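Structure at a glance
Single-letter residue listing:
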Amino acid sequence: MGKFSRLGNDLYNGRRSIDFIGRKWIWYAVSGVIVLLAVIGLSTKGLNMGIEFTGGAQYQVTTSASQDTADKLQKAVADTGIPSAASPIVTTAGTDSVIIQTEPLTEEENSTVIDAIVGVTGADPTDDISQSEIGASWGKDVAKRSIIGLVVFLFAVVLFIWAYFREWKMSVAAIVALAHDLIITVGIYALSGFEVTPATVTGVLTILGFSLYDTVVVFDKVRENTKNLRDRRTTYAAQANLAVNQTLVRSVNTSIVALIPVGAILYVGAVQLGSGPLKDLALALFVGMAAGAYSSIFIATPLLVQLKSNESEVKLAEKRDASRKRHEADRYASVPVFKEDMPLVDEPGERERGRDDEDGTAPVATAPPRRPEASGRGRIAPPARGPVRESGASGRVQPTRQTRSKRGKK
């Protein structure tokens, strides 16, 4: 931990630096490959939409609600051999009820599933099992409202970032990073085959805020570092890279702290419980948080620097920095190299003297102009009180100062 703290301190002070901006094409290539895989997964496998979006059958059984009972019911329904009931969703509701959801079934398949439930629980089909059909309209309504909420959210984010940073290019970079996170999250869902439920939609909407939160923190540091580039004698890219290094440890720490509990929830939901909204929510949060931390460091800031590279102030700062580096590398680079045909240039005094000789007139030495006498300045002697005459003490021997060895000797 001590080494990690020292590393964070060195990164903040600039004693160590990771070149995130200079290696932007490497990060772009890595993200491009991941996004391409996500798009291929979406186009080939598609999303496994849940019963809330596609419709289906739901059974609520009054019995002892325990995880062991839920596992037995899931296995019994899946073993009926009905394709629509091959992957049932079994969840407990309270302590005395279990809910089983399947895809739409025919009357014959419905009877087979009820027999399987009775075989496990021993429940009365008439009194203990209630059956209902779930229509796809509710899921479509959820999806429609989610899309509307997403559009409003993105519009509000663009306005907020533009108003706070006064930089529309920061809004563009943040939205690109956000789209990067969403595509990767949805692609992971398609590739893994996890079911998309309303909990998944909730998780996806949650990661929008987390992803933008990290990006805004990095952008705020970039804005602080890039003020007065001329006085700082540096470039926009260098200061943006310093901002990423300064916030790197913070981004890593917050991401790890957030991912650990979400990973634990994902493990419990996917491995221990097997199915249910818990794993759907946890997977969306886990993938979205990891992608958001990555994009805020490797995508958003390098893209912002690239968008601002054509601005005149940024170009001037880069020219000044390049000139300064050339001068520091070779301080005599500005001295012209001697050549045989190079023009001769006299010393300043020699040039004037040679011109006078050519005219045939010798220069006349003249004194520099005299400065005017100082008057009315400095100490002024007071006026005399009367005529000056000899004093009464004139002619008498005046005491003189002698050395100590001659004092008292006559």
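Predicted, not measured: the structure shown is a model, and the values here were computed from it. (Residues numbered from 1 in each chain as written. Predicted model: local features only at pLDDT ≥ 70, side-chain atom pairs only at ≥ 80, totals over all residues. Heavy atoms only, no water.)

Concerning the overall build of the protein
The cut-off we apply is this: Every helix listed is a DSSP run of H or I at least four residues long, and every strand listed is a run of E at least two residues long, numbered separately from the N terminus. Between buried and exposed lies partly exposed: a residue is buried under 20% and exposed over 50% of the maximum accessible area for its type, with that area taken using a 1.4 Å probe on protein chains only. When checking whether two residues touch, look at their non-hydrogen atoms; a contact exists if any pair is within 4.5 Å. In short, Shrake-Rupley with a 1.4 Å probe defines the accessible areas, and a residue's cover is counted only from the protein chains shown.
Scanning the protein from terminus to terminus reveals 13 helices and six strands. Looking at the protein residue by residue over its 410 residues, the buried ones come to 35%. Looking at the protein alone, contacts between residues at least 24 apart form 77% of all its contacts between residues at least 6 apart. Of the roughly 26,200 Å² of accessible surface on the protein, 58% is carried by carbon and sulfur atoms.

Side note on helix H7 (residues 168-192)
So the rule is basically this: Each residue after the first adds 1.5 Å to the expected span of a helix.
In a regular helix each residue adds 1.5 Å, so 25 residues correspond to 36 Å; H7 covers 36 Å between its end C-alpha atoms and thus fits that length. Once H7 ends, the next one or two residues include Gly193, with phi positive near 80°.

A word on the environment of Ile26
Position of Ile26 among the secondary structure elements: in helix H2 (residues 24-44). Taking C-alpha positions, Ile26 is 9.3 Å from Phe298, a pair spaced 272 residues apart along the chain.

A few points about the nonpolar core
Put simply, the test is: Nonpolar cores were defined as sets of buried Ala, Val, Leu, Ile, Met, Phe, Trp, Tyr and Cys residues, with membership established by side-chain atoms within 4.5 Å.
Ranked by size, the top nonpolar core spans 54 residues in total, and within it Phe20, Ile161, Met170, Phe219, Val222, Tyr236 and Leu304 carry the most contacts. Taken together, the elements giving at least two residues each to this core come down to H2, helix H6 (136-165), H7, helix H8 (198-225), helix H10 (236-273), helix H11 (277-307) and helix H12 (312-329). The dominant element in this core, judged by the number of residues it contributes, is H11, at 14 residues. Residue contacts for Phe20: discarding those within four places in its chain leaves Trp27, Asn241, Val244, Asn245, Leu248, Ile297, Phe298 and Pro302. Membership of the second largest hydrophobic core comes to 18 residues, among which are Val77, Ile100, Leu105 and Ile114.

Some remarks on the UniProt feature "transmembrane region" (unreviewed entry) in the protein
Keep this limit in mind: UniProt positions are given in the numbering used here, feature names are shortened, and annotations may be inferred rather than shown by experiment.
Annotation from UniProt places "transmembrane region" (unreviewed entry) at residues 25-43, 147-165, 172-192, 198-219, 256-275 and 281-305. For residues 198-219, helix accounts for 100% and strand for 0%, while the C-alpha atoms at its two ends are 32 Å apart. The distance from the first to the last C-alpha atom of residues 281-305 is 34 Å, and the span holds 100% helix and 0% strand.

Digging into the packing of H7 against H8
Quick reminder of the rule: With axes taken as lines fitted to C-alpha atoms, and helix axes fitted only over the stretch in contact, angles between N-to-C directions fall between 0 and 180 degrees. Crossing chirality is assigned from the near helix's rotation relative to the far helix, an anticlockwise turn below a right angle marking it left-handed and a clockwise turn marking it right-handed. Side-chain classes follow a simple rule in which Ala, Val, Leu, Ile, Met, Phe, Trp, Tyr, Cys and Pro form the nonpolar group, Asp, Glu, Lys and Arg form the charged group, and the remainder, Gly included, forms the polar group.
Two elements in contact, H7 and H8, have axes separated by 10 Å at closest approach and are oriented at 145°. Between H7 and H8 the crossing geometry is right-handed. Between H7, through Met170, Ala173, Ala174, Leu178, Asp181, Leu182, Thr185 and Tyr189, and H8, the contact on the second element is made entirely by Thr200, Val204, Ile207, Leu208, Ser211, Leu212, Thr215, Phe219 and Arg223. When the residues that make up the contact of H7 with H8 are grouped by side-chain class, the tally is eleven nonpolar, four polar and two charged.

What to know about the packing of aromatic side chains
The cut-off we apply is this: We call Phe, Tyr and Trp rings a pair once their centres come within 6.5 Å, taking the six-membered ring for Trp, and we label the pair stacked below 30 degrees between planes, edge-to-face above 60, and tilted otherwise.
Taken as a whole and assessed by the stated rule, the structure comprises four aromatic pairs. When the ring of Phe20 is compared with that of Phe298, the centres are 5.5 Å apart and the planes differ by 70°; the resulting orientation is edge-to-face. Of this pair, Phe20 sits in the loop between helix H1 (2-13) and H2 while Phe298 is found in helix H11, placing the two residues 278 residues apart along the sequence. A ring pair is formed by Tyr294 and Phe298, whose centres lie 4.8 Å apart and whose planes are at 25°; its orientation type is stacked. With Tyr294 and Phe298 both in helix H11 and four residues apart, the pair spans about one turn of that helix. Residue classification places Tyr294 among the partly exposed residues on the basis of a relative accessible area of 21%. The class for Phe298 is buried, based on a relative accessible area of 17%.

Topic: the pattern of salt bridges
Which entries qualify depends on this criterion: Salt-bridge detection follows one rule: a side-chain nitrogen of Lys or Arg within 4 Å of a carboxyl oxygen of Asp or Glu.
The final tally for this structure, using the stated rule, is nine salt bridges. With its nearest N and O atoms 3.6 Å apart, the salt bridge here joins Glu224 to Lys221. Taken together, the residues Glu224 and Lys221, both in helix H8 and three residues apart, mark about one turn of the helix. By relative accessible area, which is 12% here, Lys221 ends up buried. With a shortest N-O distance of 3.1 Å, Asp321 and Lys325 are connected by a salt bridge. Remark: Lys325 and Asp321 occur in helix H12; sequence separation between them is four residues, near one turn of the helix.

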